[in-house]
Amino acid sequence: MTTKRNESDDHEANLGADNAASVDLIDSPSRDIASRLPESLTIEVSLPTTVHAAPEDELAVAIVEVPVNPGAIETAEPSTMSITVVPPKVVEKKPEPPVIPELPAGDDRASTRRGRMRGEVSTSPEAASMLTPDRLIDRKRRLRGRPEGGWNAFVYAITLHFVNLGDSPKVIARKAVEARIDKRFEGGARFIPVLTRKGGVGKTTITALLGMALAETREDRIIAIDANPDRGTLSERVNKQTRSTVRDVVTMAPTITSFNDFTTMVSRDETRLDILASDTDPLLSEAFDENDYNVVADLAARFYSIVLTDCGTGIVHSVMRATLQRADSVVIVSGGSVDEARLASETLTWLEANGYGDLVRNAIVALNTATQGTNLVKLEEIEAHFKSRVREIVRIPYDPQLAAGSVINYKDLKPLTKASALELAALVTDGLPSRQGG
């Protein structure tokens, strides 16, 4: 059997020889122990692990060695919590009212206006109520405007404005009527239809006359719309300035966005009354229906304060319903003959039967005395009849301008005609609500 030695064995043999030489130097007991030792001896020494104590400043910034799974997301169940925030109560400290000492009681005679007017001097402080206009203002030096009226104006002129007697009673009465016409309105436009069941009683003339009186006195805008389906003639009462009609307004309604756009389709009188004409073609006039009137009325309400509507002959045409639904007041025109007065009264009956009783009670009857047969009829009896049904009646006297059926020059009308027109306008305005829906 052949034993194969490797380099480690040779190394160990050499090491053994060296050890043997050194053993010789040791005493015999030691050699006995060594003789019993194995040829190859391995000694393992386990030393304790050195523990590194980190200082506190390192521990403060150290990252905890905890494994983190980036795919795991810790979630918590949702919860709601309501927090009521109660604002702090701010207690406003009201300032205490100043204490005003009462005036000392003095002589009763000196504390009255009558005692002061007798020249008595108060022995105690006077109250503020003693400073009245009657006491402080000198009537002789009170400022007045330029008087109107024949004699008063003459005296004012010849005295070089030193003597001012004020306006005459007639002027004072007229200014009172104008103040009623100049009533202020809040909200949208006011609609006033002028209607009757009979033609030839001057309905169109009354519409123009009423509109002129309103436009002459008021500072806002007034328009009269000719809604007569039988070829109305309202536009012939003023100088025509356009050929446009209600049909053109309906057609161009989407493009009318301003008052300037609308004024190109109306004719304006010297009193500033605007008139919108009806179609001259009877077929087109008849085609002007309720929907068309509503389009025109909506546009007029955007730009005007008062809208008059000449409803034409009859009360059953297609525009009448839309006109009455918008009406704030109505004017019924009656002639001075028997049949004209009877048909005007039947108009009121028709309105009451169709649910317009409120309009009847607030209506004004314009009694046109320029029609035929007026001289043979007792106008007082006609007025007495209508006073039992409507609010007021106004007589419109005969005037050559009105009887001509042509252009009306308001300034050239007779004084009595203008006074009647102003009274009609005042009565109509009195019945209009100051606030929309009031």
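Sequence order as written defines residue numbering, which begins from 1 separately in each chain. In keeping with the predicted nature of the model, local features appear solely for residues at pLDDT of at least 70, side-chain atom pairs appear and are counted solely at 80 or more, and the whole-chain, interface and lining totals rest on all residues. Excluded from the side-chain calculation are hydrogens and water; included are all heavy atoms of the structure.

Considerations on the sheet that holds strand S6 (residues 331-334)
Moving on, step 1. If you trace the eight strands from one edge of the open sheet to the other, you get S3-S4-S2-S5-S1-S6-S7-S8, paired in mixed fashion. Two strands in the sheet have a free side with no partner beyond their single neighbour: strand S3 (267-268) and strand S8 (392-396).
Moving on, step 2. In terms of strand pairing, strand S2 (residues 222-226) meets strand S4 (residues 273-276) through four bridges, oriented parallel. By the bridge assignment, isoleucine 222 is partnered in S4 with leucine 273. Strand pairing requires that DSSP identify at least two bridges connecting the strands. Helix and strand assignments follow DSSP, with helices taken as H or I runs no shorter than four residues and strands as E runs no shorter than two, numbered in order from the N terminus.

Describing helix H12 (residues 290-303)
Moving on, step 1. Here, expected helix span is obtained from the residue count minus one, scaled by 1.5 Å. With 14 residues, H12 extends 21 Å between its outermost C-alpha atoms, agreeing within 8% with the 20 Å of an ideal straight helix rising 1.5 Å per residue.
Moving on, step 2. Buried residues of H12: Asp292, Tyr293, Val296, Ala297, Leu299, Ala300 and Phe303, and no others. Looking straight down H12, one finds its buried side chains confined to an arc of 165°; they lie on one side. Turned more than 90 degrees away from the buried face of H12 sit Asn291 and Arg302, all of them exposed.
Moving on, step 3. Two N or O atoms form a polar contact when they lie within 3.5 Å of each other; inside protein one atom must be a possible hydrogen donor and the other a possible acceptor, and for residues adjacent in sequence the pair counts only when both atoms belong to side chains. Taking the backbone nitrogen of asparagine 291 as reference, a side-chain oxygen 3.4 Å away marks aspartate 289 as the first, capping residue of H12. We call a residue buried when its accessible area falls under 20% of the maximum for its residue type, exposed when it is over 50%, and partly exposed in between, using a 1.4 Å probe and counting protein chains only. To obtain the arc, one takes the directions from the helix axis to the C-beta atoms.

Considering the side chain of serine 278
Moving on, step 1. Along the polypeptide, serine 278 turns up in the loop between S4 and helix H11 (282-287).
Moving on, step 2. Within the structure, serine 278 has its side chain in polar contact with the side chain of aspartate 226 (distance 3.5 Å).
Moving on, step 3. The contact rule is simple, with two residues in contact once any of their heavy atoms fall within 4.5 Å. Among all residues touching serine 278, those that are not within four sequence positions of it are Asp226, Asn228, Arg231, Gly232, Thr245 and Val246.

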